[in-house]
Amino acid sequence: MQFISTRGQVPPVSFSTAVAQGLAPDGGLYLPEQLPDLKPYLAEWSKLSYAELCEVFFAIFATDIEADELKKIVTRSYTKFDHADIAPIVKLDDDRYVLELFHGPTLAFKDFALQLLGNLYESQIARTGNRISVLGATSGDTGAAAIHGLLGKEGVTTFILYPDGRISPLQERQMTCTGADNVFPLAIKGSFDDAQTAMKTVFEDREFAAEVGLSAVNSINLARILAQCVYYLSAYFRLPEDVRDDITFVVPTGNFGNVLAGWLVQRMGLPIKGFRVATNQNDILHRLFESGTYQLDEVAPSVAPSMDIQVASNFERFLYYAEGQDSEKVREIIQTFKETGKYVFENFDRAGFSSSRTDDAQIAAIIKDVYAKYGYVADPHTACGFSDGFEGKEIILSTAHPAKFPDTIQDAIGEDSTHPSLEELKSREIVKYSVEPTPEAIKAFMRARV
Ligand SMILES: *Cc1c(COP(=O)(O)O)cnc(C)c1O
């Protein structure tokens, strides 16, 4: 299978090229040239384990990877999860289910994609002999998941920028207490935006990029989206038969990455009834689905920090389909949005999405209510999925373990939330590097380590 850019200005590429490049050279995002029809496979797939399901799903897309190699890559990627089901479902009552996506090594859903991406990179390096340097900027979960996905991978050196003192102490420990010698957490003096800006400038230096084999692991990588598709299939198959065709998937999201994966699987023929996009107070997506206007606003830091995003980078993939696969139209919309911070869609089609918005006060109240009603502790991101106005059956995607956000949980229910893997980190040594948030300082640091 070949992969095309949403902006249509580069020729189609193979799976491995799309994964290695991340962003297409025309600035667009990669998508399969044609979405496969999964309907003929569903009956057979419903009996598979999580890793088997992931393998048969990826075999459709990763046609340039040998079957045996793909099996190894996928199998390895789900060995560090602490639950036999990998993505278990918890039934709260007849109408409400939770899909727990936090059983990976860093206790957030990003492990599903980044564990796999790490193994894809390693396999690619073994085939090509070209070493790579991964550079990323994080406000918390992505950096931890990326570091744990790339830990000890042969041929990969990882550099993650984060704002010193502005991420949670546990998130910092997940990045800085690994003991790995191919991982460099760079604590910069400045904000997440400073880190992000410096990182972008480093990527623009083509010569430097070629010199160190620079690669990005941000949420626009096609492999991340495809890896996330698998838990929608798995969840559908594990729900009771009389429930699964009549249930809405509720997805806490900021970048539109998580929910887009489910929507793509629906387009491939999995009969999911519909989706609700659950935002926190940074509600650009909620406003879009309510009004048909996509409009930038200031980011307001919340207690669900991994969703504190205004420009939803994966939205461009949705746009491509919503605009009838018209790349020219996509370019025009993105350009208008870039210049004016706003795009008004005429006759906006919600494409089966509903949406909700949950602010910090509501998140605290929901954590308390859900605990009182079901004895279930929801993390602040998951809590956004339990917003008011609920009708019918819902399965809420739980994107992080509550123990990652102990203060918010303590404030809401008066109890501590802990996890053995986080407790264990508290006695380990922190190794981090202090770097100025300038492209020159970052490049000098990287050159010295590659
Ligand atoms: C990254 C993250 C999200 C948002 O994911 P999207 O890619 O924006 O859909 C939600 N919750 C947690 C805990 C996260 O780490």
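Model, not experiment: these values are computed from the prediction.

Can you walk me through the packing of helix H8 (residues 192-204) against helix H20 (residues 439-449) in this structure?
Packed helices, taken two at a time, are described by the angle their axes make and the gap between the axes. Where H8 meets H20, the axes come as close as 9 Å, and the angle between the chain directions of the two elements is 65 degrees. The element H8 and its partner H20 pack so that their crossing is right-handed. Between H8, through Ala 198, Thr 201 and Val 202, and H20, the contact on the second element is made entirely by Pro 439, Ile 442 and Lys 443. Here the contact of H8 with H20 is composed, by residue class, of 4 nonpolar, 1 polar and 1 charged.

Explain the side chain of His 148 here, please?
By secondary structure assignment, the location of His 148 is in helix H6 (residues 141-150). With a relative accessible area of 17%, His 148 lands in the buried category. Dropping the residues within four chain positions of it, His 148 is found in contact with Thr 106, Gln 115, Gln 174 and Thr 178.

Help me understand the nonpolar core in this model?
As a rule of thumb, soluble globular proteins bury nonpolar side chains together. By size, the foremost hydrophobic cluster in this structure holds 105 residues, and its most contacted members are Phe 15, Phe 57, Phe 58, Tyr 231, Leu 233, Phe 249 and Phe 256. For this core, the element with the highest residue contribution is helix H10 (residues 222-238), accounting for 13 residues. If we ignore the near neighbours within four places in the chain, the residues touching Phe 256 are Val 277, Leu 285, Phe 289, Ala 312, Asn 314, Phe 315, Phe 318 and Phe 353. Residues Phe 102, Tyr 376, Ala 383 and Ile 396 belong to the second largest nonpolar core, which totals 21 residues.

Can you walk me through the UniProt feature "domain: Threonine synthase N-terminal" (unreviewed entry) in the chain in this structure?
Here, UniProt's "domain: Threonine synthase N-terminal" (unreviewed entry) annotation points to residues 2-78. A helix fraction of 44% and a strand fraction of 8% characterise residues 2-78, whose end C-alpha atoms lie 26 Å from each other.

Which parts of the structure should I look at to understand the site of the ligand?
Lining the immediate surroundings of the ligand are 14 residues, of which Lys 110, Asp 141, Thr 253, Asn 255 and Thr 399 lie closest. In this structure, Asp 141 approaches the ligand through a side-chain N or O atom, which is 2.7 Å from an oxygen atom. Isolated, the ligand exposes 380 Å² of accessible area, and the fraction of that covered by the protein chains is 96%. Partitioning the shell around the ligand into residue classes produces 4 nonpolar, 8 polar and 2 charged.

Help me understand helix H14 (residues 315-322), please; the structure alone is not making it clear to me.
Note that an α-helix has 3.6 residues per turn; residues three or four places apart therefore point the same way. Counting buried positions along H14 gives 7 out of 8 residues, so the element sits mostly inside the fold. For H14, the set of buried residues is Phe 315, Glu 316, Arg 317, Phe 318, Leu 319, Tyr 320 and Tyr 321. Immediately downstream of H14, the backbone of Gly 324 shows phi near 65 degrees, a positive value.

It is not clear to me how the packing of aromatic side chains should be interpreted in this structure. Could you clarify?
Any two aromatic rings considered together are summarised by their centre-to-centre distance and by the angle between their planes. For the structure shown, the criterion picks out 40 aromatic pairs. Summarising the aromatic geometry, the rings of Phe 256 and Phe 353 are spaced 5.6 Å apart at their centres and angled 50 degrees between planes, so their arrangement reads as tilted. Of the two residues, Phe 256 is situated in the loop between strand E9 (247-252) and helix H12 (257-267) and Phe 353 in strand E13 (residues 353-357); the sequence distance between them amounts to 97 residues. In this structure, Phe 256 and Phe 353 share a single accessibility class: buried. Sitting over the ring of Phe 208, Lys 443 keeps its end group 5.9 Å from the ring centre. Sitting over the face of the ring of Phe 445, Arg 449 holds its NZ or CZ atom 3.9 Å from the ring centroid.

What counts, and at which threshold
- Residues numbered from 1 in each chain as written.
- Predicted model: local features only at pLDDT ≥ 70, side-chain atom pairs only at ≥ 80, totals over all residues.
- Heavy atoms only, no water.
- Axes fitted to C-alpha atoms, helices over the stretch in contact; angles between N-to-C directions.
- Helix = DSSP H or I, 4+ residues; strand = E, 2+ residues; numbered from the N terminus.
- Left-handed = near helix turned anticlockwise from the far one by under 90°.
- Contact = heavy atoms within 4.5 Å.
- Nonpolar A, V, L, I, M, F, W, Y, C, P; charged D, E, K, R; others polar.
- Buried < 20%, exposed > 50% of the residue type's maximum accessible area, 1.4 Å probe, protein only.
- Core = buried A, V, L, I, M, F, W, Y, C linked by side-chain atoms within 4.5 Å.
- UniProt positions renumbered as here; feature names shortened; annotations may be inferred.
- Near = heavy atom within 4 Å.
- Polar contact = N/O pair within 3.5 Å; in protein donor to acceptor, adjacent residues only side chain to side chain.
- Areas by Shrake-Rupley, 256 points an atom, 1.4 Å probe, with all protein chains shown as cover.
- Phe/Tyr/Trp six-rings, centres within 6.5 Å; stacked < 30°, edge-to-face > 60°.
- Lys NZ or Arg CZ within 6 Å of the ring centre and 35° of its normal.

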